[in-house]
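Notes for the structure review
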Amino acid sequence: MPKETSMTAAAEMVCGAVWLTLLAVLSGDMGRVSLSQINAASWAALLYLVLFGSLVAFTCFAWLLKVSTPAKVSTAGYVNPMVAVFLGWAFHGEKLTGRSLMASLVIILGVALIISGRRTGPKPAAASATKPVTQEA
């Protein structure tokens, strides 16, 4: 991983943009786009996703990988969709069902177990037990 967190995020986004553009060109999607038919709400949503969903999120994710364990960082992949469901409910009037509430509870419990979980497997040796014994002359 590069030392600069922003470089990690930038490399990930540039690679994604190149591949998605290539796929859009090859599939013919580029010829079906009509910029005049895209409304202001769609442009605002795109701007939000670019700024927060990509720039901020990828930079934070790369930084977290440096300061935390991969297991803890990976929990973002479970929490982010749950947050999106609740934001849709709170701000866009989307339906929140008992099933989605139950799934959210399972996600929260799983993340809590990962964050507070005990290490499994062999325990690392204590520092004093591995310190070599020296003799004075």
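Up top you'll find the structure we're talking about.
Owing to the predicted nature of the structure, the values given are computational and were not obtained by experimental measurement. (Residues numbered from 1 in each chain as written. Predicted model: local features only at pLDDT ≥ 70, side-chain atom pairs only at ≥ 80, totals over all residues. Heavy atoms only, no water.)

**Quick word on the overall build of the protein**
When its secondary structure is counted, the protein shows six helices and zero strands. In sequence order, the secondary structure elements of the protein are arranged as α-α-α-α-α-α. Per-residue burial for the protein yields a buried fraction of 9% across its 137 residues. Pairs at least 24 apart in sequence give 65% of the contacts found in the protein among residues at least 6 apart. For the protein, the computed accessible surface area is about 11400 Å², with 69% contributed by carbon and sulfur atoms. (Helix = DSSP H or I, 4+ residues; strand = E, 2+ residues; numbered from the N terminus. Buried < 20%, exposed > 50% of the residue type's maximum accessible area, 1.4 Å probe, protein only. Contact = heavy atoms within 4.5 Å. Areas by Shrake-Rupley, 256 points an atom, 1.4 Å probe, with all protein chains shown as cover.)

**With respect to the layout of surface pockets**
Estimates place the volume of the largest pocket at around 550 Å³. Taken together, 16 residues line the largest pocket, and the ones lying closest to its centre are Tyr48, Phe52, Gly53, Ala57 and Asn80. For the lining of the largest pocket, the secondary structure elements donating two or more residues are helix H2 (40–67) and helix H4 (76–92). (1 Å grid on protein atoms, 1.4 Å probe; cavity = no way out; pocket = protein on both sides within 12 Å on 5 of 7 lines; lining within 4 Å. Points joined across faces, edges and corners; volume = space filled by probe spheres on them.)

**Points about the packing of aromatic side chains**
All chains considered together, the criterion is met by one aromatic pair. The interplanar angle of 35 degrees and the centroid separation of 5.3 Å between the aromatic rings of Tyr48 and Phe52 together place this pair among those described as tilted. Within this pair, Tyr48 and its partner Phe52 are both found in helix H2, separated by four residues, close to a single helical turn. Looking at Phe52, the relative accessible area reads 48%, which means it is partly exposed. (Phe/Tyr/Trp six-rings, centres within 6.5 Å; stacked < 30°, edge-to-face > 60°.)

**Thoughts on the pattern of salt bridges**
Scanning the model with the defined rule gives one salt bridge in all. Between Arg32 and Asp29 there is a salt bridge, with its nearest N and O atoms 2.1 Å apart. Among the residues examined, Asp29 registers a relative accessible area of 36% and is labelled partly exposed. (Salt bridge = Lys/Arg side-chain N within 4 Å of Asp/Glu carboxyl O.)

**Looking at the side chain of Ser104**
Structurally, Ser104 is set in helix H5 (residues 98–116). Within the structure, the side chain of Ser104 is placed 2.9 Å from the backbone oxygen of Ser100, a separation counted as a polar contact. Residues within four places of Ser104 in sequence aside, it is in contact with Met82 and Phe86. (Polar contact = N/O pair within 3.5 Å; in protein donor to acceptor, adjacent residues only side chain to side chain.)

**Section: the side chain of Thr75**
Among the structural elements, Thr75 can be located in the loop between helix H3 (70–73) and H4. Filtering out sequence-adjacent residues up to four positions away, Thr75 remains in contact with Val111 and Ile114.

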